[in-house]
Amino acid sequence: MSSQYAVEMINIHKTFPGGVYANQGVTLKVKRGEVHGLLGENGAGKTTLMNILYGLLNRDKGEIIINGEHVEFESPTDAISKGIGMVHQHFKLIPPLTVVENVVLGSEPIFGRTFGRGIIGKIMRALMPIDIKMAVEKIIQIAEENGLHIDPYAKVQDLSVGLQQRIEIIKTLYRKADILILDEPTSVLTPQEVDELFETLKEFRKAGKTIILITHKLRETMALCDRITVLRDGKLIGTVERDNTSPEDLAQMMVGRPVVFMVDKGISSPGDVVLKVQDLHVKDYRGLESVKGISFEVKAGEIFGVAGVEGNGQTELVEAITGLRKPTDGVIIIDEVDVTSKSPRFVREVGMSHIPEDRQKMGLILAFTIKENLILGRHYRPPFANGPKNMLLNLDRINEISDDLVSKFSIKTSSSDAFAETLSGGNQQKVVVARELAVAPKLIVAAQPTRGLDVGATEFIRNTLIKMRNAGSAILLVSAELDEVRNLSDRIGVIYDGKIVAIRGPDATPEELGLLMAGHVQGVD
Amino acid sequence: MMQGLPLDLIGWVFAVTLQMATPLVLAGLGGMYSERGGVVNIGLEGMMLMGAFTAAAVTYYTLNPWLGILAAVAAGGGLAAVHAIVCVKFKGNHIVSGTGIILFGAGFTTLMLEVVWHRKGYGETITNTIPDIVIEPIQNIPLIGQAFGVISPIVIFMFVATILSWYILFKTPFGLRLRAAGEDPSTLDSAGVSVEWTRAIGVIISGCLAGLGGAYLSIGFGSAFGKNMTDGRGFIALAAMIFGNWSPFGILIAGLFFGFLDGLNYAIQIYFPALLPYANFIAMLPYLLVVVALGVIRRSIPPKGIAIPYEKERKA
């Protein structure tokens, strides 16, 4: 063929309704038969670029050339006919349907002849019986050739996430794709499933297929990709060969400045006790006791980290402290006020701020604007409310304060009137953090504060927490990521089966903490 | 009571069951096409009224009930097309549009009743209604003789439509795409199929079937168009659809069940005059039963993407 490139996207521009730039003059060239990494933080415009290539979105400007041929894609059908297949981050599968139904959707094989191209032919094709047997045979053949074994008659909702991804890959192969786009394929997989996926992708490369891998994870980029294109804020930063780069270089390209993987937080100078938990017992939603007698203290200017495998009572502990769940026994004291079994509003009034573990369900109302989300929970009192009995919202002050917070916490949005659901995950979390930390709380309860965030947002949130600690807040940090706990905490409590089994300093080794988290408590007083 | 009476009575109830069930099943199947594709269609009532009126009016002028049927199907489909344009093309609220369809159907047909027949309440009696098919050999079989011995072609079509709908929904590319449009439109879009067309066709089919159900009321089972003659059957059809869990045979069974309750109600009123003072109360019982049944016994699972307009250009 004329070109060594399978895909050339030249000077692509895309603006979403509402004026958010997703792509500004991005050029991407992918060689035939390579694994090409498309690297960038959440919200950098990677998925948008690929949705344009796949015909799901229209571009404002730019050219697309597939195998040397200029193309205009009206819909994914056109892209599919050029051999492009896409595995979306959120699978495009319909759970109540079977594997085979999901695979054939949109290109169903039918019994009988093909009827012509006119409208009558179209109607006839839509109403002939689907040749399920033929489809199943084809799926089994694809499965055997590629080692992607699956039961074609199983319902998708009964299958594991790893198997669901396998269906997505089979879907693209069924449509004879030789250019495969995979959007964050590893984010939902277990480590073993990731290994399997990588083996499959390496096989595809051997078979001459072209693969575009969208990711923000440096490790898998370095492990799999031949060349890497980095996007930041919708703009092209550059394309590099894997052999000529390093994770540090890539991280810098992604974030725009050198990234420090370790945080230098300085020495803590703990003050008075702010949070005191005594012999706390809490039942979970099933009525089973999941916090079984926990006692600890957190002092002002100190980060107390709770390390542990998820499901050992962390969620209930946090809920009890924040007032979301009534403990069955024990005492919680914040700043010398007994807040046991008090309402969340009471606890917040005492000076507690809460960064909840699920920002979309508990931290934000996605259908509200950023501005509205920024005042939630303090909306009922000055400065956000005024008038007789604080019955009215003070819109001027709300505008001022929220615009100030948006810039102070560098929340990336076109306006503070944008809906929270339009933000990327990192920016959503920044909204939560901005709201919770703006009031200079005495106590911050941060549950999984960086879960699912990219490098830049993670760094920002961690630095913000350290700043708050240095400013004198007491911080209770609950995280499933051991590195995060070790990095940030001044003291580490290990939670296992509803109890704090040990309290260690920040110099505890990961091995020791790992053993404690797994319930090996020998040598603990 | 005499020996023969109960059998006759039961046979009569069966016959009424079939007649009462037909418009419900047809409109219910219609609702299924719309809702399986993700568009709520509470406007069935209005589409049925449109069908009932159009069938009567066209038959009145042309003296050909089959033309009346065709016109009713077209009128129901046409009104549904409006619903499709509002809900699918312009992403309007399905309930608001559906309410508009109901009100329009009721108002327009009431107005046209006076324009066509210069009367209020009921139009002139139509003499050329759809002729019943007489099947002599089974006419005298006890129990089922009354129901199936003399049967309207539309009643027969109800059974055909049920089987056909099952085939279309579960065996054809269109059915698969329709179900996909109702469960997760973005997946259908990603598979290269137009969500808008798929949904719109589903809505229009729903109007056609509802129109046919309405036609049965005015020129099949009855012989005139009456003001608001559907009498809430569009809503009962919706209940039958939910009761039948959005599946063709479920809707058939649910429709027959509602028809049976109607038949039972008439039987009580006619054969047990002592209960007449309580007729309205008895007429209410089936619906009470439905509320209880829907709330307590069954858990219906609607399509996941129902009532959510599909926006392509939404930032993920």
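Heads up: the structure comes first, above all this text.
Residues numbered from 1 in each chain as written. Chains lettered and ligands numbered in written order. Predicted model: local features only at pLDDT ≥ 70, side-chain atom pairs only at ≥ 80, totals over all residues. Heavy atoms only, no water.

Caption draft 1: Highlighting the overall build of chain B. What chain B contains, in helices and strands, is twelve helices and two strands. When the helices and strands of chain B are read in sequence order from the N terminus, they spell out α-α-α-α-β-α-β-α-α-α-α-α-α-α. A compact globule built from 316 residues would reach a C-alpha radius of gyration of about 20 Å, and chain B, at 20 Å, matches this within 12%. Here the C-alpha coordinates of chain B stretch approximately 75 × 45 × 40 Å along the principal axes. The buried share of chain B, reckoned over its 316 residues, is 53%. (Helix = DSSP H or I, 4+ residues; strand = E, 2+ residues; numbered from the N terminus. Rg over C-alpha atoms; globule rule 2.2 N^0.38 Å. Buried < 20%, exposed > 50% of the residue type's maximum accessible area, 1.4 Å probe, protein only.)

Caption draft 2: Geometry of the pairing of strand 21 (residues 491-496) of chain A. Residues and elements named next belong to chain A. As paired strands, strand 13 (residues 302-307) and strand 21 are joined by four bridges and run parallel to one another. Note on strand 21: the bridge partner recorded for valine 306 is glycine 493. Two strands pair when backbone bridges link them, and strand 21 and strand 22 (residues 499-504) are joined in this way by five bridges, in the antiparallel orientation. Bridge assignment links valine 494 to a residue of strand 22, and that residue is alanine 502. Hairpin remark: strand 21 followed by strand 22, antiparallel, with two residues in the connecting loop; positive phi at aspartate 497, about 50°. (Pairing = 2+ DSSP bridges.)

Caption draft 3: The arrangement of empty space enclosed by the protein in detail. Per the stated rule, a full pass over the model turns up three cavities of 30 Å³ or more. Space inside the largest cavity adds up to approximately 100 Å³. Together, 13 residues line the largest cavity, and Tyr54, Met86, Lys171, Thr172 and Arg175 of chain A are the ones closest to its centre. Broken down by secondary-structure element, the contributors of at least two residues to the lining of the largest cavity are strand 6 (84-87) and helix 6 (161-174) of chain A together with helix 8 (185-190) of chain B. Broken down by class, the residue content of the lining of the largest cavity amounts to five nonpolar, five polar and three charged. As a volume, the second largest cavity reaches approximately 60 Å³. Lining the second largest cavity, in full, are Cys87, Val88, Lys91, Val195, Glu196, Arg199, Pro309 and Tyr310 of chain B. Within the residue set of the lining of the second largest cavity, elements represented by two or more residues are helix 3 (65-89) and helix 9 (195-221) of chain B. (1 Å grid on protein atoms, 1.4 Å probe; cavity = no way out; pocket = protein on both sides within 12 Å on 5 of 7 lines; lining within 4 Å. Points joined across faces, edges and corners; volume = space filled by probe spheres on them. Nonpolar A, V, L, I, M, F, W, Y, C, P; charged D, E, K, R; others polar.)

Caption draft 4: Main features of a nonpolar patch on the surface. All names here are of chain B. Together, Tyr266, Ile270, Tyr271, Phe272, Leu275, Tyr278, Phe281, Met284, Leu285, Leu288 and Val292 line one region of the surface with nonpolar side chains, adding up to about 1,000 Å² of accessible area. Among the secondary structure elements, those contributing two or more residues to the nonpolar patch are helix 11 (248-271) and helix 12 (279-297). Ranked by residues supplied to the nonpolar patch, first place goes to helix 12 with five residues. Here leucine 288 is to be found in helix 12. For leucine 288, a relative accessible area of 45% puts it in the partly exposed group. (Patch = residues over 30% accessible without salt bridge, like charges linked within 9 Å, V, L, I, M, F, W, Y side chains within 5 Å. Areas by Shrake-Rupley, 256 points an atom, 1.4 Å probe, with all protein chains shown as cover. Salt bridge = Lys/Arg side-chain N within 4 Å of Asp/Glu carboxyl O.)

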